[in-house]
Structures are given as structure tokens and as C-alpha cells.
Amino acid sequence: MEISAQSHTVAQVVSDKGLYLDYNATTPVDPQVYATMEPYFKEYFGNPASVAHHWGWTAENGVQKARMQVASLIGAKSSEITFTASATESNNWVIFGLISKLREENPNQPIHMITSCLEHSSVLKGMQAAEKQGVEVDVLPVNNFGQVEIETLRAAIKPHTKLISLIWVNNEIGSINPIVEAASLAKEKQILFHTDATQAIGKIPVNVTEMGIDLMSFSAHKFYGPKGSAALFIRGKDPKVQINPFIYGGGQEKGLRSGTLNVPAIVGLGTASEICKINLNAEAERMTALRNLFWQKLQTAIPGIRLNGHPTNRSPINLNVTLPGIRIESLTAKIQKLGVSTGSACSSGSVSISHVLKGIGLSADEAACTLRLSLGRWTTEADIQRAVEILHGAIPSQII
Ligand code: PMP
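These numbers were taken from a predicted model, which means no experiment stands behind them.

Regarding its fold elements, the protein chain presents 11 helices and 13 strands. Relative to its length of 400 residues, the protein chain is compact, with a C-alpha radius of gyration of 21 Å against a globular reference of 21 Å. Burial status across the protein chain gives 57% buried among its 400 residues. When contacts within the protein chain are restricted to residue pairs at least 6 apart in sequence, long-range pairs at least 24 apart make up 73% of them. Summed over all atoms, the accessible surface of the protein chain reaches about 17100 Å², with 55% contributed by carbon and sulfur.

Before going further, it helps to examine the pairing of strand 13 (residues 370-374). Two faces belong to every sheet, and in a regular strand the side chains alternate between them. Most of strand 13 sits inside the fold, with 5 of its 5 residues counted as buried. Neither face of strand 13 is exposed, since Thr370, Arg372 and Ser374 on one face and Leu371 and Leu373 on the opposite face are all buried. Of the strand pairs in this sheet, strand 11 (residues 318-322) and strand 13 are connected by 5 bridges, and their pairing is antiparallel. Bridging from a neighbouring strand, valine 321 pairs with leucine 371 of strand 13.

The next thing to look at is helix 11 (residues 381-394). Its 14 residues place the ends of helix 11 20 Å apart at the C-alpha level, agreeing with the 20 Å of an ideal helix rising 1.5 Å per residue. Within helix 11 the residues assigned to the buried category are Asp383, Ile384, Ala387, Val388, Ile390, Leu391 and Ala394. For helix 11, the angular spread of the buried residues around the axis is 160 degrees, confining them to a single face. Facing away from the buried surface of helix 11 by more than 90 degrees, the exposed residues are Glu381, Ala382 and Gly393. Buried positions along helix 11 lie against strand 1 (14-15), strand 2 (18-20), helix 8 (263-301), strand 12 (338-339) and strand 13.

Evaluation of the coordinates by the stated rule reveals 5 aromatic pairs. Centroid distance tyrosine 23 to tyrosine 224: 6.3 Å. Interplanar angle 55 degrees. Geometry classified as tilted. Pair noted here: tyrosine 23 is in the loop between strand 2 and helix 1 (31-41) and tyrosine 224 is in the loop between strand 8 (215-219) and strand 9 (230-234), with a separation of 201 residues, a long-range link. Residue class for tyrosine 224 comes out buried when judged on its relative accessible area of 4%. Considering the side-chain rings of tyrosine 224 and tryptophan 378, the 5.3 Å spacing of their centres and the 90 degrees angle between planes classify their relative orientation as edge-to-face.

To continue, consider the confidence of the model for the protein chain. Of the residues in the protein chain, 97% have a pLDDT of 70 or more, and the chain-wide mean is 95. Per-residue pLDDT, averaged within each element of the protein chain, yields its smallest value for strand 1 (84) and its largest for strand 7 (residues 192-196) (99).

Attention now moves to the side chain of histidine 160. When you line up the elements, histidine 160 lands in the loop between helix 5 (150-156) and strand 6 (161-167). Classification of histidine 160 as buried rests on a relative accessible area of 19%. Among all residues touching histidine 160, those that are not within four sequence positions of it are Pro110, Ile111, His112 and Glu136.

With that settled, the discussion passes to the packing of helix 8 against helix 11. Here helix 8 crosses helix 11 at 25 degrees, and the two axes come no closer than 10 Å. Taken as axis vectors, helix 8 and helix 11 run roughly parallel relative to one another. Viewed along their axes, helix 8 and helix 11 form a crossing whose handedness is right-handed. On helix 11, the residues touching Leu290, Leu293, Phe294, Lys297, Leu298 and Ala301 of helix 8 are Glu381, Ile384, Gln385, Ala387, Val388, Leu391 and His392. Here the residues of the contact of helix 8 with helix 11 are counted per class, giving 9 nonpolar, 2 polar and 2 charged.

This part takes up the pattern of salt bridges. Pairs can form between side chains of opposite charge whenever their charged atoms are close. Overall, the coordinates contain 15 salt bridges when judged by the stated rule. Residues arginine 154 and glutamate 151 are paired through a salt bridge, measuring 3.4 Å at the closest nitrogen-oxygen approach. Here the residue arginine 154 and the residue glutamate 151 both occupy positions in helix 5, the gap between them amounting to 3 residues, near one helical turn. For arginine 154, a relative accessible area of 34% translates into the label partly exposed. Here glutamate 151 falls in the exposed class, since its relative accessible area comes to 52%. Put simply, arginine 306 and glutamate 366 hold a salt bridge, and the shortest N to O gap is 3.0 Å. Of this pair, arginine 306 sits in strand 10 (residues 306-307) while glutamate 366 sits in helix 10 (residues 364-368), placing them 60 residues apart in sequence. In this structure arginine 306 comes out as partly exposed when scored by relative accessible area, which is 35%.

Parameters at a glance
Residues numbered from 1 in each chain as written. Predicted model: local features only at pLDDT ≥ 70, side-chain atom pairs only at ≥ 80, totals over all residues. Heavy atoms only, no water. Helix = DSSP H or I, 4+ residues; strand = E, 2+ residues; numbered from the N terminus. Rg over C-alpha atoms; globule rule 2.2 N^0.38 Å. Buried < 20%, exposed > 50% of the residue type's maximum accessible area, 1.4 Å probe, protein only. Contact = heavy atoms within 4.5 Å. Areas by Shrake-Rupley, 256 points an atom, 1.4 Å probe, with all protein chains shown as cover. Pairing = 2+ DSSP bridges. Expected span 1.5 Å × (residues − 1). Arc of directions from axis to C-beta. Phe/Tyr/Trp six-rings, centres within 6.5 Å; stacked < 30°, edge-to-face > 60°. pLDDT = per-residue confidence, 0-100. Axes fitted to C-alpha atoms, helices over the stretch in contact; angles between N-to-C directions. Parallel < 35°, antiparallel > 145°, perpendicular 65-115°, else oblique. Left-handed = near helix turned anticlockwise from the far one by under 90°. Nonpolar A, V, L, I, M, F, W, Y, C, P; charged D, E, K, R; others polar. Salt bridge = Lys/Arg side-chain N within 4 Å of Asp/Glu carboxyl O.

Right, here's the structure in full:
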């Protein structure tokens, strides 16, 4: 199937249910992605590990094509891509796969790992669990924009630092970390460098080879692929990165990640990657312009509104705003038709203040007045206008 730059509108993002502006949480599957997945549920249902017949070979071909598409999007070799079920899994695998490998080599060596306070919980909680296993962990603070400062990172490095793991684009406030500089510092000190690129892929240029990244996690459902389909890039050369498996069994994925491959989901990840590669520049440009317009309109409609995260060096799709004095829970009924997020979607449901907002210095009260609005492939200028009107209409007039 020929993949084109243009995909049909996904009707569900604007419907009588409301307007979806939560693309940082997840994205709908692009119709072109879905079309390539469908045959793998039906006629191409084989197990790629079945090497003796047509059904197995067809499934295996689909997986290998996807591996090439994913590798091509991030500037890697196919052999450096391992499929997983989520970025959560990829992140956990990096931490525990490395600890296991290092302890196998030398059970008594001290292990130090560095991360930041703005990571996704799959890294932060993984690191906490690693600490319980005797690993020394430093969680770096960030500046007011939510970025790790290179000098803070440099100062935290110890002779026994084995891993630096930093989020590339923050999922709540959209700030972009200085990943190229951090990776280069890690290389200079001969430390492995991992980045959680879940919110970066398809939004900003990513090239693991040029940027000196050793390990990278990402997930299809953030860039118009299916849920439950993700990958870990593991550098194959200079240095050849070695981590132990996290899941043992039948030896799939060169013995690194056992379990029968989720072929339709992997094919979907491949197509989503190909579309992102074709569209990256144009889409980033359109999203940035739309995001800027949205912010401009919000400032006019809601005096006093504040933007969290970096003003310019931020995700093209993300706005995270505080409406001082206006608790979002008091607006809920009025903004029901707006599919937005009041914190990280991954931790919503919990009443505690988001660790990300706390990390950039917001008080609990400010956090309660904070909204994340995120745009996507099918968001239009008319949608932005409607969102501004809904928000404006929801705020008590004595405040405006
Ligand atoms: N890292 C980041 C930055 C994310 O935004 C998310 C999803 N919210 C994850 C990791 C986890 O991804 P997955 O849903 O594939 O487990």
C-alpha cells in the first residue's frame, strides 16, 4: 500500500461528544495505519516465529518491514530496534536490564544512575525500585521551564555513573530537554545515555546516530499508531550497548524480549513511523503555528492566563496553562465538551498534585488551576476558536 502525506480526518476528534484536545495522552489511529494493520488480523494472521510455512513468513515480512520503517524514522539500523508493548516497558527494561547485566559482570560494583524529577512515572518509579535494589540514584532538579541544566547534570556525574536517563519532551508541560548536549556529555564520560522520547517522536527531528543516543524508548499510540505497541532502540555499535532481557521465554527478538509478537500492532507502529517521516516538517510547522495562535487567543480571552514550560522551546502540540484563581474542578461541568487534561493523563484519578508541576515550582493551588491542551493531526483553526470560546464562556464573568 502506498502511504500518502494526507490522511482522512478522523471524525471522532470533533463530534457531538465534544472536541478532543488531549493528543499528549493518546492519539487516534490514523486511517492509513489502520488499513495496513487490518490484513494482519485476518489473512496474514501467522506467527512470525513459524519458520516452516507461508503464514509465518508473511507475518515475519510484515514485522521486518515495520522494523525498517521505525529504524528509518529515527536514523537507526533495523537490527537496533526491539519491539515492546509500551514505552513504560521500554523504560523499565533499560533500568533493570542494565542493572542485571552490570551485576552479572561484577556483582560487587557500585552502580549510580542519574535521572530528572520531570520524568514520566515509568522512569521515576523504576528508579525508586532500583534504589531498593541497592542502586544509587540521583534525581536532578530542573529550571523554571522544566529543563535539566547541563551544568547540573555534569555536577551529578560520579566515577561509577552507569546510566543517564532524561525525558526528551515532557508529557505535561511540553518542555524540550537539551538531549544532544546531554548525550554528548554522557559520551565524553563513557556513560550510557537513555532518553524517553515518547512525546518527541513525530513532533521534532530525532536521529539517534547523529545525536549520539544509546537507548531510546517510544510508543506508537502517541503518534497515530495503536496502543500496546512500542519500541526500544538499543545502539548496536560505538558502543555496542548490552542489557539483559526483561522478559524471558521463547527467545523472540533475538532473545531480548520473549513473547509472540503482536504483529498487527507492530505493522501499525511501522506505518505510523513512515507517515511521521513523510510529514514531520510540515506537521511540526502547522502544529507550531496552530499552538501559537491558540496561545495568542487564550491570552486575549482570559487575562492573567500563564503558560507553563518553556515559551518557545516546547512541543509543537502542547500548551499547559494556569488560570490563576480559577480551579479547574469548578469548571468541569462547563468544559465537559473539551477533551483536555488537568494533569498528566497517566496519573489522573489521583488527587495529588502532579510531580511535574511541583517540579517547576507550582503550588498545589496553582496546580488545581492548571490545564493541559494538546493538539494533533486533525485539529483545525476552527477547533481552536471553539475551544477558546468554551473556556471563555466557562469562566465566571467577574473574573474576566
Ligand atoms: N513516557 C512518556 C513521556 C509518556 O508521555 C508516556 C505516556 N503517557 C509514557 C512514557 C508511557 O507510555 P505507554 O503508554 O506506552 O506506556
